[in-house]
Amino acid sequence: MSRSAHPAGPRHADVLPEGHYSAPPADLNALDSKVWAQTVSRNADGVVTVGGVDVKQLAEEFGTPAYVMDETDFRERARAWRTAFGTDADVFYAGKAFLSRAVVRWLNEEGLNLDVCSGGELATALSAGMPADRIAFHGNNKSTTEIRRAVEAGIGRIVLDSFQEIVRVAHIAQELGVRQRVQIRVTVGVEAHTHEFIATAHEDQKFGIPLAGGQAAEAVRRALQLDGLELIGIHSHIGSQIFDMSGFEVAAHRVVGLLKDIRDEHGVELPEIDLGGGLGIAYTSGDDPREPYEIAKALTEIVTRECETAELRTPRISVEPGRAIVGPTAFTLYEVGTIKPLDGLRTYVSVDGGMSDNIRTALYEAEYSVALVSRTSDAEPMLVRVVGKHCESGDIVVKDAFLPADLAPGDLIAVPATGAYCRSMASNYNHVLRPPVVAVGDGEARVIVRRETEEDLLRLDVG
Ligand SMILES: *Cc1c(COP(=O)(O)O)cnc(C)c1O
């Protein structure tokens, strides 16, 4: 199996051994609070509700499939990160996990900063009123147009990702008569995915400038020489869906090592260090994510200790959680269309969406769970595979799960923990229309990203 590395998702520990599935849960009607958004529960009729609104009502009003986002949960997670890191650190929400104007406003109100990695994300952030100086711009191939727009807007920082970009940003900043705050993204030779990290041979990827071979030190040398740049720190992002802090430990050790070399060579102590994002969430009951305060404590201790040893002032820390904030806050609501029992194998349950609204299962063999949400059932568990409506046998939403054996067409089922990297990676494959994002809170539901229409499709197709 060959799969390409992608910062948006795990490749390793998401993979179940071939033929493996866990035993059916004791109670198919139970909703594990680890994987469901905070305000999700069942009402007296057994219908699942979120933010005080029941899913049958949501399906009726907004149709299916739909991403349903718990606004209270989003705000509380954002606030928990902000509070955990306190005023001596900055939390940048990674917009690529899911970005919309409503989300930008929530982040702004909760005091978080924002990472963008394209002109489109930058436009969304600015149009929803995120102050430019609280935005960071990432990416391994930002266009000169994007860089110019960001510098003109007064963006807080640009994270430099290549030698060419150092020169490009410096040149554009000088043309515009400003000194652009920048960080340099380094690859520390650690790639972390969930429970494991591998500390060798992972410089073979497109992001960042390797510490190895003195390349990062050379990048720093060049950046410090250019009038258009104000180098404020070093950036490292080691992977995604990480549960184990040891990868961050190695990364912090190596980044602080570079800060020390910079001090020794240039006599400057860079004031900031960014340790990226990548903190894991629970997709199934088997996952055990850490709380933001534990992560903040661990990261702060690691950096402080490393700096003490290196006799450096402790720099200001920033982190960039995406999935850990938005991932758990949403579920995808589907209607069951067809049910196909394959004797001795499993039952295929087809829903009205699929790989166009959740590509992660196909792309990373990501694991998800699923529940019947429009009613409860006392029927026996049946082993199912939840699949979509696309012309592709890899169009799988949930590979192995249990649903009640009396499941019928028209039932509503929901897949939790789809807030991150689902709508943001959604496609129009088979000219399927991308689902809306419906935000629910305080007994009210409203569309924050509307459903795509056939007119939307035809508008781009100019004939
Ligand atoms: C993707 C990414 C993040 C966010 O990763 P999550 O796994 O969503 O927390 C943060 N920083 C950078 C540079 C990224 O590329």
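All values reported here derive from a predicted model rather than from experimental measurement.

Asker: Got a sec to walk through the site of the ligand? Specific residues and values, please.
Answerer: The environment of the ligand is formed by 16 residues, the closest being Lys96, Gly278, Glu320, Arg323 and Tyr421. Taking Ser240, its side chain carries an N or O atom lying 2.9 Å from an oxygen atom of the ligand. Starting from 390 Å² of accessible surface for the ligand in isolation, the protein chains cover 96%. Considering only residue class, the shell around the ligand consists of four nonpolar, seven polar and five charged.

Asker: Please provide a residue-by-residue account of the environment of Gly344, values included.
Answerer: Mapped onto the elements of the fold, Gly344 is located in the loop between strand E17 (330-342) and strand E18 (346-351). Assessed through its relative accessible area of 85%, Gly344 is described here as exposed. Remark: the alpha-carbon pair of Gly344 and Ala128, spanning 216 residues in sequence, is separated by 53 Å.

Asker: I'd like to hear about the domain arrangement of the protein chain, residue by residue, with values.
Answerer: Here the protein chain is partitioned into domain 1 (41-70 + 327-460) and domain 2 (138-321). Centre-to-centre separation of domain 1 and domain 2, based on C-alpha positions: 36 Å. Each side of the interface is counted separately: domain 1 has seven residues, and domain 2 has four residues. A buried area of about 510 Å², summed over both sides, lies between domain 1 and domain 2, and 61% of it is on carbon and sulfur atoms. Sorting the residues of domain 1 by area buried against domain 2 places Arg360, Glu367 and Ala417 first, and these three jointly supply 55% of that buried surface. The tally of links from domain 1 across to domain 2 stands at zero salt bridges. Our count for the contact surface shared by domain 1 and domain 2 stands at one residue pair in polar contact (both at pLDDT 80 or more). When the residues that make up the side of domain 1 that touches domain 2 are grouped by side-chain class, the tally is three nonpolar, two polar and two charged.

Asker: Quick one: what's the story with the packing of aromatic side chains, residue by residue and with numbers?
Answerer: For the structure shown, the criterion picks out five aromatic pairs. With a centroid separation of 5.8 Å and an interplanar angle of 65°, the aromatic rings of Phe74 and Tyr93 are classed as edge-to-face. In this pair, Phe74 is assigned in helix H2 (residues 71-85) and Tyr93 in strand E5 (residues 89-94), connecting sequence segments 19 residues apart. Look at Phe74 and you get buried, because its relative accessible area is 0%. You can call Tyr93 buried: its relative accessible area is 0%. Summarising the aromatic geometry, the rings of Tyr283 and Tyr368 are spaced 5.1 Å apart at their centres and angled 80° between planes, so their arrangement reads as edge-to-face. Placement of the pair is Tyr283 in the loop between strand E15 (272-274) and helix H9 (292-310) and Tyr368 in the loop between helix H11 (360-364) and strand E19 (371-372), with a sequence separation of 85 residues.

Asker: Describe the side chain of Asn29, naming the residues involved and giving the relevant values.
Answerer: When you line up the elements, Asn29 lands in the segment before strand E1 (41-42). Of note is the side chain of Asn29, whose polar atom sits 2.9 Å from the backbone oxygen of Ser377. With residues near it in sequence (within four places) discarded, Asn29 still touches Arg42, Thr376, Ser377 and Asp378.

Calculation notes
- Residues numbered from 1 in each chain as written.
- Predicted model: local features only at pLDDT ≥ 70, side-chain atom pairs only at ≥ 80, totals over all residues.
- Heavy atoms only, no water.
- Near = heavy atom within 4 Å.
- Polar contact = N/O pair within 3.5 Å; in protein donor to acceptor, adjacent residues only side chain to side chain.
- Areas by Shrake-Rupley, 256 points an atom, 1.4 Å probe, with all protein chains shown as cover.
- Nonpolar A, V, L, I, M, F, W, Y, C, P; charged D, E, K, R; others polar.
- Helix = DSSP H or I, 4+ residues; strand = E, 2+ residues; numbered from the N terminus.
- Buried < 20%, exposed > 50% of the residue type's maximum accessible area, 1.4 Å probe, protein only.
- Domains from an automatic or database assignment.
- Contact = heavy atoms within 4.5 Å.
- Buried area = accessible area lost by both parts, 1.4 Å probe.
- Salt bridge = Lys/Arg side-chain N within 4 Å of Asp/Glu carboxyl O.
- Phe/Tyr/Trp six-rings, centres within 6.5 Å; stacked < 30°, edge-to-face > 60°.

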